[in-house]
Every structure is written in C-alpha cells, then in structure tokens.
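Understanding the architecture of this molecule
Residues per chain, in single letters:
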Amino acid sequence: MSLVVALVLQLMADTGLRKMENTAMDDWVKILDGSINSDLIILGSSRSYTGYDPTVFEKNTGLSSYNLSLNAAPFSLQQIKLERYLANNKAPKVIVQNVDLTHFQKSKHILDPVQFLPFLGNKALSNDLSAFDREFRLRKWVPLYKYNTFKTEFRLGLQSFFGDDISILKSKKGYAPKDRIFKADLHNLKRIQNHVRDSTGFMRNDEYVEETFRRIKNREDKDQAIFMVWAPEIEVRRELATQVSNPLKEKLSRFAEQEKNVFFLDYSADPIANDTINFYDTFHLNRKGATLFSEKVSMKINELLTN
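Figured I'd write up the structure that's included with this text. For every chain, the first residue of its written sequence is number 1, and the numbers climb from 1 along that sequence. Only residues with pLDDT of 70 or above have their local features reported here, since the model is predicted, and side-chain atom pairs are shown and tallied only from 80 upward, although totals for entire chains, interfaces and linings are computed over all residues. Derived side-chain values reflect all non-hydrogen atoms in the structure, with water molecules and hydrogen atoms excluded from consideration.

1. Brief notes about the pattern of salt bridges
What counts, and what does not: Whenever a carboxyl oxygen of Asp or Glu lies within 4 Å of a side-chain nitrogen of Lys or Arg, that contact is scored as a salt bridge. Helix numbering and strand numbering both begin at the N terminus, where a helix is a DSSP run of H or I of at least 4 residues and a strand a DSSP run of E of at least 2. When accessible area is computed with a 1.4 Å probe and restricted to protein chains, residues below 20% of their type maximum are described as buried, those above 50% as exposed, and intermediate ones as partly exposed.
Under the criterion given, the structure shown has 16 salt bridges. For E295, the salt bridge identified is with K59, shortest N-O distance 2.4 Å. In this pair, E295 is assigned in helix 12 (residues 287-306) and K59 in helix 4 (residues 54-61), connecting sequence segments 236 residues apart. On the basis of relative accessible area, K59 is assigned to the exposed category, the value being 54%. Residues joined in a network through salt bridges with shared partners are E83, E211, R214 and R215.

In structure tokens:
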C-alpha cells in the first residue's frame, strides 16, 4: 500500500468516526470546537461515565450540564480532557468530580485509546497524550499505525464516512448508561484485597491527592463550586477497602472543610448501595441506579448552591 493511499484511508476513517453522533468521539468534536460551554460539568472515569446523568443534574439545578468523564481513566488523564475543554469552552460554574480509590492511582497507559484516534491532528491534544503514553507518538506519525489494533473501528469509520448510520456505544451529553444486571467483579475485589494486604498499592495515591488539592486551590475563579463525590458501592467492596478508603475520605473531608466553595459528598454507603438491582458490578451503577443516584446527588448539590 502506498503512503498516499494509507494517508487517504486514514483521513476517511478519522472523518467517519468524527461523524458518529452521540459517541465519545462526538464529545471530543464538541470539546475541541468549543460548542459545549456548560455551567456544570461532571468529571471522572467509568463510574461517572455510566453513573451520572447530566440531564437529571440540569433538571434539578437549572444549570446546563455535560458529562466529561473518561472511561478507564485515572486522575491524570481526566485532567488532560479538562484542560482541552477549558482551552476551548467557557469555564463552568460548578465541577462535579467523582472520587474513589482508583481515581488517585498512577497509570502510564491509556486503556481506552479509540476515542482519541481521530483527533491526533490536534497538536495540543496529541502532545498531551504523547506525554502521558509514549505509544501515541507512533500513532500520530505512522500512517494507519494507530488503527493497527483497532481494525473494527477503522472499518466502522470508513462505513460512517460513506454515509452508514453506525450503531456503537451511544452516549447523551457524555453519559453512557448500562442496561445490565448485577455480576460480581471478583477480579477487582481480589485486587483490592491484595493492595490492602501489602498496604502499599492504594496508599501510593498521595501524589495525585495533593495535586488535586493544588489544582482546586489555584483555580482562577474561587466562586467556582467544586463537589468531590464518592458514589455508592456494594457493601462487600466497601468492607474490603475500609483500611485504605477511610483515611482517604477523611483527607478529602478535611480539605473540603477548609476551602471555600469546596464540598465532599460521600454516598458510598447510601441506601442505593443496599440493592444489587442498582448495579452491574460492585461499584458501577446501571441505568436504574444511575438515575436514582443522579436525582439524589443533584438535588443535594442544588441545595448547597442555593443556601
């Protein structure tokens, strides 16, 4: 295959993926062209991506809302998305940040890279991603290399380019609910057990905790409200993690008490967590649970904003 043909095919696939409405790629289109500009934004990883419904937040707070969460993304990668958002959109009045043990863990790899592939021509985003994960340097410069392990997405991009209405994971305003029944994620529970046993894994979170605090303290608009929210978790997960989660929660609570317009809301043991019908694993809410939780936390946020 000639270089010219490879470049043309890559451009066609990129264009097709960017055309897919109500997807993670569509969210990036809106972020980079500055067309979101919401008063309230939601940040986090998969737990908030599937668990915080911005339409419910909008209804209960009266603030235009958008979910900017990144699937399988730790704090550092979430910050890349936030920075690209702020570079192209107005600053929000309210930030809702999902927090938990995994949020503050270190990571050097992007576990869900597909959503970024059509946007590597954006210099600022590409530089951010390359600094985070060195693999993205090759993905940017070698034609079609970025689709080498994502042949399905490459094919879907081409189909979309030629006008097909492609059905993939759909989202609305960045929110992608899951219609799934509960299944215990034993591998994650085992992982928590191992970290607690050696008392080092989740305890290495101090760097990103302090970085979170620094960013909040140094935000330009001190009237901007920050809500750090710990979402509901099934009891077995909470009990396994108590040794490491309680000190972290205490740290977050103390920080919020000391800072103006900063709040820590702990819903980990909320009654929603008492019924597996609200979850698809021990710490991810399904659509039913997400609706209940979004109603509850958005009403609390509105109460705190208006008092």
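The rest of the description comes next.
2. Some thoughts on the nonpolar core
One broad rule of soluble globular proteins: the nonpolar side chains tend to lie buried together. Our working definition: The set of buried Ala, Val, Leu, Ile, Met, Phe, Trp, Tyr and Cys residues whose side-chain atoms join them within 4.5 Å is what this entry labels a nonpolar core. We call two residues in contact when some of their heavy atoms are within 4.5 Å.
Ranked by size, the top nonpolar core spans 59 residues in total, and within it L68, L77, L129, M228 and L252 carry the most contacts. Considering every element that reaches this core, the biggest residue donor is helix 11 (residues 235-258), with six residues. If near-sequence neighbours (up to four positions away) are discounted, L252 is found in contact with V99, F104, F213, M228, W230 and F264. Core analysis: the next-biggest nonpolar cluster, separate from the first, contains 23 residues, L265, Y267, I272 and A273 among them.

3. Some words on the layout of surface pockets
To keep it simple, the criterion reads: Lining residues are those with an atom within 4 Å of a point, where the points come from a 1 Å grid over the protein atoms alone and group into cavities, where a 1.4 Å probe fits but cannot get out, or pockets, open sets with protein on both sides within 12 Å along at least five of seven lines. Grid points are joined across faces, edges and corners, and a volume is the space filled by probe spheres set on the points. For this classification, the nonpolar set comprises Ala, Val, Leu, Ile, Met, Phe, Trp, Tyr, Cys and Pro, the charged set comprises Asp, Glu, Lys and Arg, and every other residue, Gly included, is treated as polar.
Computed from the structure, the largest pocket encloses a volume of approximately 730 Å³. In terms of lining residues, the largest pocket is bounded by 37 residues, among which S46, N71, A72, A73 and D112 are the most central. Those elements that place two or more of their residues in the lining of the largest pocket are helix 2 (24-33), helix 3 (46-51), helix 8 (151-161) and helix 9 (186-198). Among the elements that make up the lining of the largest pocket, the one with the highest residue count is helix 3 (four residues). In this structure, the second largest pocket occupies an estimated 480 Å³ of space. Only helix 5 (75-88), strand 3 (94-98) and helix 10 (206-217) provide two or more residues apiece to the lining of the second largest pocket. Its residues assigned to classes, the lining of the second largest pocket shows eight nonpolar, six polar and six charged.

4. Regarding unusual backbone geometry
Its identity is not glycine, yet A72 carries a phi of approximately 60°, on the positive side. As for its position among the elements, A72 is in the loop between strand 2 (65-67) and helix 5. The class for A72 is partly exposed, based on a relative accessible area of 29%. Here K173, not a glycine, exhibits a phi torsion of approximately 55°, which is positive. By relative accessible area, K173 is classed as partly exposed at 25%.

5. Description of the sheet that holds strand 5 (residues 262-266)
Which entries qualify depends on this criterion: Here, a strand pair is defined by DSSP locating no fewer than two bridges between the strands. Note on method: axes are straight lines fitted to C-alpha atoms, helices fitted across the in-contact stretch only, with angles between N-to-C directions ranging 0 to 180 degrees.
Read from one edge of the open sheet, five strands run 2-1-3-4-5, paired in parallel fashion. The open sheet has two edge strands with one neighbour each: strand 2 and strand 5. In this sheet, adjacent strand axes meet at a mean angle of 15° when their direction is disregarded. One ladder, built from four bridges, connects strand 1 (residues 40-43) with strand 3; its direction is parallel. In the strand pairing of strand 3, I42 is matched with V96.

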